Amino acid sequence: MQNSETDDIRTAPPKILVLGATGATGRLIVSQAVARGYDVTVLVRSAEKARDLKGAKLIVGDARDEKVLRQALKGRDAVVSALGTPASPFREVTLLSTATRALTSAMQIEQVSRLVCITGMGAGDSVGHGGFLFDKLIFPLLLRRVYADKDRQEAIVRDSGLDWVLVRPSVLNNKPSRDTIRALTDLSNFHGGGISREDVARFVLDQLRADAWLHRSPLVTW
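Keep in mind it's a predicted model, so treat the numbers as computed, not measured.

1. Overview of the pairing of strand 2 (residues 39–44)
Reasoning step 1: Burial runs high along strand 2: five of the six residues are buried.
Reasoning step 2: The pairing of strand 1 (residues 15–19) with strand 2 spans five bridges and is classified as parallel. Residue L17 lies in a different strand from strand 2, and its bridge partner there is T41.
Reasoning step 3: As for the winding sense of the linkage, the β-α-β connection from strand 1 through helix 2 (residues 24–35) to strand 2 is right-handed.
Reasoning step 4: Where strand 2 lies against strand 3 (residues 56–60), five bridges are found, and the strand directions are parallel. Across the sheet, the residue bridging to T41 is K57, located in strand 3.

2. So, the nonpolar core
Reasoning step 1: Within the largest apolar cluster, 30 residues are counted, with the highest numbers of intra-cluster contacts made by I16, V18, I29, V40 and V42.
Reasoning step 2: Elements that contribute at least two residues to this core include exactly strand 1, helix 2, strand 2, strand 4 (78–81), strand 5 (114–118), strand 6 (163–169) and helix 6 (197–206).
Reasoning step 3: Per-element accounting of this core gives the leading share, five residues, to helix 6.
Reasoning step 4: Discounting residues that sit within four places of it in the chain, V42 has contacts with L17, V18, A21, V30, L53, A56, K57, L58 and I59.
Reasoning step 5: Core analysis: the second largest hydrophobic core is formed by 23 residues, A63, L96, M107 and W164 among them.

3. Re the sheet that holds strand 5
Reasoning step 1: On the basis of which strands lie adjacent, the open sheet formed by eight strands has the order 3-2-1-4-5-6-10-8 and mixed pairing. The open sheet has two edge strands with one neighbour each: strand 3 and strand 8 (182–184). Averaged over all neighbouring strand pairs, the angle between strand axes comes to 25°, with direction disregarded.
Reasoning step 2: Sheet topology note: the strand 4/strand 5 ladder contains four bridges and is parallel. Counted as the bridge partner of V80 is V116 from strand 5.

4. Let's talk about the layout of surface pockets
Reasoning step 1: Considering only enclosed or pocket space, the largest pocket measures out at about 1,000 Å³ in volume.
Reasoning step 2: Secondary structure elements with two or more residues in the lining of the largest pocket: helix 2, strand 2, helix 5 (132–158) and strand 7 (171–173).
Reasoning step 3: Looking at the lining of the largest pocket, the element that brings in the most residues is helix 5, giving five residues.
Reasoning step 4: Taken together, the residues of the lining of the largest pocket sort by class into 19 nonpolar, twelve polar and six charged.

5. Focus on the side chain of K150
Reasoning step 1: With respect to the helices, strands and loops of the structure, K150 is situated in helix 5.
Reasoning step 2: For the buried K150, no salt bridge is present, and the opposite-charge side chain at shortest range is E154, 8.0 Å distant.
Reasoning step 3: Look past the residues within four positions of K150 in its chain and what remains in contact with it is L96, T119, G120 and A123.

6. Section: the pattern of salt bridges
Reasoning step 1: For the structure shown, the criterion picks out 15 salt bridges.
Reasoning step 2: With a closest N to O distance of 3.0 Å, D206 and R36 form a salt bridge. Of the two residues, D206 sits in helix 6 while R36 sits in the loop between helix 2 and strand 2, which places them 170 residues apart along the sequence.
Reasoning step 3: Look at D206 and you get partly exposed, because its relative accessible area is 34%.
Reasoning step 4: R152 is the salt-bridge partner of E92, the closest N and O atoms lying 3.8 Å from each other. With E92 in the loop between strand 4 and helix 4 (95–110) and R152 in helix 5, this pair connects stretches of sequence that are 60 residues apart.
Reasoning step 5: By relative accessible area, which is 31% here, R152 ends up partly exposed.
Reasoning step 6: Counted as one network, the salt bridges with shared partners bring together E92, R145, D149 and R152.

7. What about the packing of aromatic side chains?
Reasoning step 1: The full count for this structure, using the stated rule, is three aromatic pairs.
Reasoning step 2: Taking the centre distance of 5.1 Å and the plane angle of 45° together, the rings of F139 and Y147 count as tilted.
Reasoning step 3: Its relative accessible area of 8% is what places Y147 among the buried residues.
Reasoning step 4: Every member of this aromatic cluster is reached through a ring pair, and the members are F134, F139 and Y147.
Reasoning step 5: One cation-aromatic arrangement involves K150 over Y147; the distance from NZ or CZ to the ring centre is 5.4 Å.
Reasoning step 6: Above the ring of W222, the side-chain terminus of R178 is found at 3.7 Å from the ring centroid.

Calculation criteria
- Residues numbered from 1 in each chain as written.
- Predicted model: local features only at pLDDT ≥ 70, side-chain atom pairs only at ≥ 80, totals over all residues.
- Heavy atoms only, no water.
- Buried < 20%, exposed > 50% of the residue type's maximum accessible area, 1.4 Å probe, protein only.
- Helix = DSSP H or I, 4+ residues; strand = E, 2+ residues; numbered from the N terminus.
- Pairing = 2+ DSSP bridges.
- Right-handed = clockwise from strand over helix to strand, strands pointing away.
- Core = buried A, V, L, I, M, F, W, Y, C linked by side-chain atoms within 4.5 Å.
- Contact = heavy atoms within 4.5 Å.
- Axes fitted to C-alpha atoms, helices over the stretch in contact; angles between N-to-C directions.
- 1 Å grid on protein atoms, 1.4 Å probe; cavity = no way out; pocket = protein on both sides within 12 Å on 5 of 7 lines; lining within 4 Å.
- Points joined across faces, edges and corners; volume = space filled by probe spheres on them.
- Nonpolar A, V, L, I, M, F, W, Y, C, P; charged D, E, K, R; others polar.
- Lys, Arg positive; Asp, Glu negative; His and termini not counted.
- Salt bridge = Lys/Arg side-chain N within 4 Å of Asp/Glu carboxyl O.
- Phe/Tyr/Trp six-rings, centres within 6.5 Å; stacked < 30°, edge-to-face > 60°.
- Lys NZ or Arg CZ within 6 Å of the ring centre and 35° of its normal.

This is the structure:
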């Protein structure tokens, strides 16, 4: 899907909506976007948790509510989804897929085409590439239900007809940014790794103006 919003992203500072802005990675996405001069709106459930998101316009509401999403999308060029959910060994997880279904529908209606969505290492065909500890212990014991919903989320994005990029970070850390990161789709020789949240935020924001990874699902790592 290409439209005037896509052209605007390339010629002027993007006007973006960020979901998941109060999470550890989401906060960095917001701060980096503001530092780049982007016009940033965030949709949050709690204004209190978002009070330190300097330079962003706050809209309070539920990311699963299509009406709220449509309002938040007014005048936006693109969306970054950094939605996350806690580990859930026992309870079914539906937040990610429910919110993403509402989001993609709202984007279609409001004619906002560009979506950069963070999922994670272990989603889709990246399953089994996290290394022994992640694949044999953390994933099956703590994250199996979360990643089942990430898989549903990715399927919704792929079927949306939008200009999407799915970003799958390896294990996240809070270390300083590095000069270079790797973005991989061939995982045949990849068996686990880590990356800083700062670098994930940088990579995600870069995809708002680049088509190199359009309609693809890179795993990003050091």
